[in-house]
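The chain contents come next:
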Amino acid sequence: MFTLTLYTENVQDKPPEQFKIVIPKIPAYFTGTGDLTTALLLGWSNKYPGNLDRAAELTVSSLQALLQRTVNDYTRAGFDPQTSSLEIRLIQSLEDIRNPQVNFKAQRYQ
């Protein structure tokens, strides 16, 4: 498990907020995930300004669906996903990127 922790400060005169998203580890190594995470977070933040928790939920849910699809595709093709670097299935996961099912919720720190 990984925990993504985010902090917002002075967004539209709101008090600072902290929240976390707990993410299960997928036992594989992928290339391109950092760039994709940045792009998704930027895109969702633009769509939901001042709502970083929502943008992070959508980002994490999109990314996890894409990574799971990648592992499944490599496994079906006879590759062991734990033994090599996997190219992410970006095109095949376009719907997961555009309309993610939110499976990972932000939890606010009190």
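Whatever comes next refers back to the structure up there.
Because the structure is a prediction, the values reported are computed rather than measured.

Parameters at a glance
- Residues numbered from 1 in each chain as written.
- Predicted model: local features only at pLDDT ≥ 70, side-chain atom pairs only at ≥ 80, totals over all residues.
- Heavy atoms only, no water.
- Core = buried A, V, L, I, M, F, W, Y, C linked by side-chain atoms within 4.5 Å.
- Buried < 20%, exposed > 50% of the residue type's maximum accessible area, 1.4 Å probe, protein only.
- Helix = DSSP H or I, 4+ residues; strand = E, 2+ residues; numbered from the N terminus.
- Salt bridge = Lys/Arg side-chain N within 4 Å of Asp/Glu carboxyl O.

(A) Expanded view of the nonpolar core. Of all hydrophobic cores here, the largest spans 15 residues; its most connected members are Phe30, Leu36, Leu66, Leu67 and Ile88. Broken down by secondary-structure element, the contributors of at least two residues to this core are α1 (33–47) and α2 (52–76). Of all the elements, α2 adds the most residues to this core, at seven residues. The next biggest cluster of nonpolar side chains, apart from the first, holds seven residues, and it includes Phe19, Ile21, Ala56 and Phe104.

(B) How the structure looks around the pattern of salt bridges. Applying the stated criterion across every chain, the model contains six salt bridges. The salt bridge involving aspartate 96 is made with arginine 69; its shortest N-O contact spans 2.5 Å. Here aspartate 96, found in helix α3 (residues 94–98), pairs with arginine 69, found in helix α2; they are 27 residues apart in sequence, far enough to count as distant. You can call aspartate 96 buried: its relative accessible area is 19%. Taking relative accessible area as the criterion, arginine 69 reaches 30% and is therefore assigned partly exposed.

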